[in-house]
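# Report on the structure
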Amino acid sequence: MTNTTRSDFHVLGPGAVGCLWASHLMLSGYSVNLIAKHTQATRQLTLITKGESSKISLAQTTAEHCSGIQNLLVCVKAYQLEAALKSIETCLAPNAVILLMQNGMGNKEVFNNLLPKKQCLLASNSHGAYFKTANELVYAGKGQLIVGPSTPSYPIKASVQFCHHLNVALPEVIWNNRIDLVLWKKVVVNAIINPLSVLYQCKNGELISNPVYFKHVENLVNELKPLLESVQPELTIDDLLKEVIKIAEKTASNFSSMYQDVQRQRPTEIESITGFLLSESKKQGIALPGHKEIYLKMAAL
Ligand code: KPL
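Residues numbered from 1 in each chain as written. Predicted model: local features only at pLDDT ≥ 70, side-chain atom pairs only at ≥ 80, totals over all residues. Heavy atoms only, no water.

## Things to note about the domain arrangement of the protein
- You can read the domains of the protein as domain 1 (9-177) and domain 2 (181-299).
- The straight-line distance from the C-alpha centre of domain 1 to that of domain 2 is 24 Å.
- If you look at the interface, domain 1 gives 18 residues, while domain 2 gives 19 residues.
- Together domain 1 and domain 2 conceal approximately 1,600 Å² of surface at their shared face, both sides included; 57% is due to carbon and sulfur atoms.
- Among the residues of domain 1 in contact with domain 2, Tyr79, Asn103 and Met105 are the three that bury the most area, contributing 42% of the side total.
- At the surface where domain 1 touches domain 2, the tally comes to one salt bridge. (Domains from an automatic or database assignment. Contact = heavy atoms within 4.5 Å. Buried area = accessible area lost by both parts, 1.4 Å probe. Salt bridge = Lys/Arg side-chain N within 4 Å of Asp/Glu carboxyl O.)

What follows is the structure in structure tokens.
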């Protein structure tokens, strides 16, 4: 007989961000199940926060052992999303609250194609985390989670409790009805910091402190002006440059997630980040030569 797993929260994707949220939810007293691809076993982790270590035992299961999932954080990478959602589509409670946390754009469309009868929440996560070794998770930088509805008709009531619990576990969780604008800002930040940190082999902060790298940052941001004027006129280039500088300074001593992916010889999220900007600009008949150049360099790695 199949042993089904019920819990307050399920976290799909046992990477650094998934384990960070699962650990904090568990430490705050929620019952949590991490959904991984193959292994169903307790995941023993050491969570390192500001140099202090704590031992965490996370219940880990596989999709086939899940049912009635009520609250789900989807923390897989953008390119894993379709397969991950397919694996749990029959395990969701009818009124499940589902939060997508991928970098880049396109996750909402993947979700809507696969689960047209369901709705999801979208988030921009800026908490930094990475695995120092297979079982040592470093909480590298306090950020925030901005959450918003993927459609104007999203039943807001259902998400209030959900966000409240997340805020208890890892503050601060901020609701924003214009998550589309938040995610546009984030995709621009990721399109600058992530590939440049790979190409210059540097920490995020060096992109601002090194004048040569910073010139490249400015050029890439400025190049987006005509695209933003066409598709997101509420965002200005000045605000975006300020945002890139702010995030690079806040995460100055971190390596971006793309840098870490390349180091570990894993696929990167370049397609949902720079690939997204290039395809949007093509639709508008706008050229982005600087972004195209780094996209091609990343593809050649
Ligand atoms: O989101 C990030 C990432 O690494 O993916 C930033 C904000 C760029 C921090 O490194």
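Continuing now.
## A closer look at the site of the ligand
- Around the ligand sit Asn103, Lys186, Asn190, Ile193, Asn194, Asn204, Ile247, Ser256 and Ser257, and those are all the residues in its vicinity.
- Asn204 is positioned with one of its side-chain polar atoms (N or O) 2.7 Å from an oxygen atom of the ligand.
- Contact with the protein chains hides 86% of the accessible area of the ligand, taken as 280 Å² for the molecule alone.
- Among the elements that line the shell around the ligand, the one with the most residues is helix H5 (residues 179-199), at four residues.
- Of the residues that constitute the shell around the ligand, the class distribution is two nonpolar, six polar and one charged. (Near = heavy atom within 4 Å. Polar contact = N/O pair within 3.5 Å; in protein donor to acceptor, adjacent residues only side chain to side chain. Areas by Shrake-Rupley, 256 points an atom, 1.4 Å probe, with all protein chains shown as cover. Helix = DSSP H or I, 4+ residues; strand = E, 2+ residues; numbered from the N terminus. Nonpolar A, V, L, I, M, F, W, Y, C, P; charged D, E, K, R; others polar.)

## Things to note about the pattern of salt bridges
- This structure, assessed with the given rule, holds nine salt bridges.
- Where Lys283 meets Glu280, a salt bridge forms, and the shortest distance between an N and an O atom there is 2.7 Å. Taken together, the residues Lys283 and Glu280, both in helix H11 (residues 270-283) and three residues apart, mark about one turn of the helix.
- A relative accessible area of 14% places Glu280 in the buried class. (Buried < 20%, exposed > 50% of the residue type's maximum accessible area, 1.4 Å probe, protein only.)

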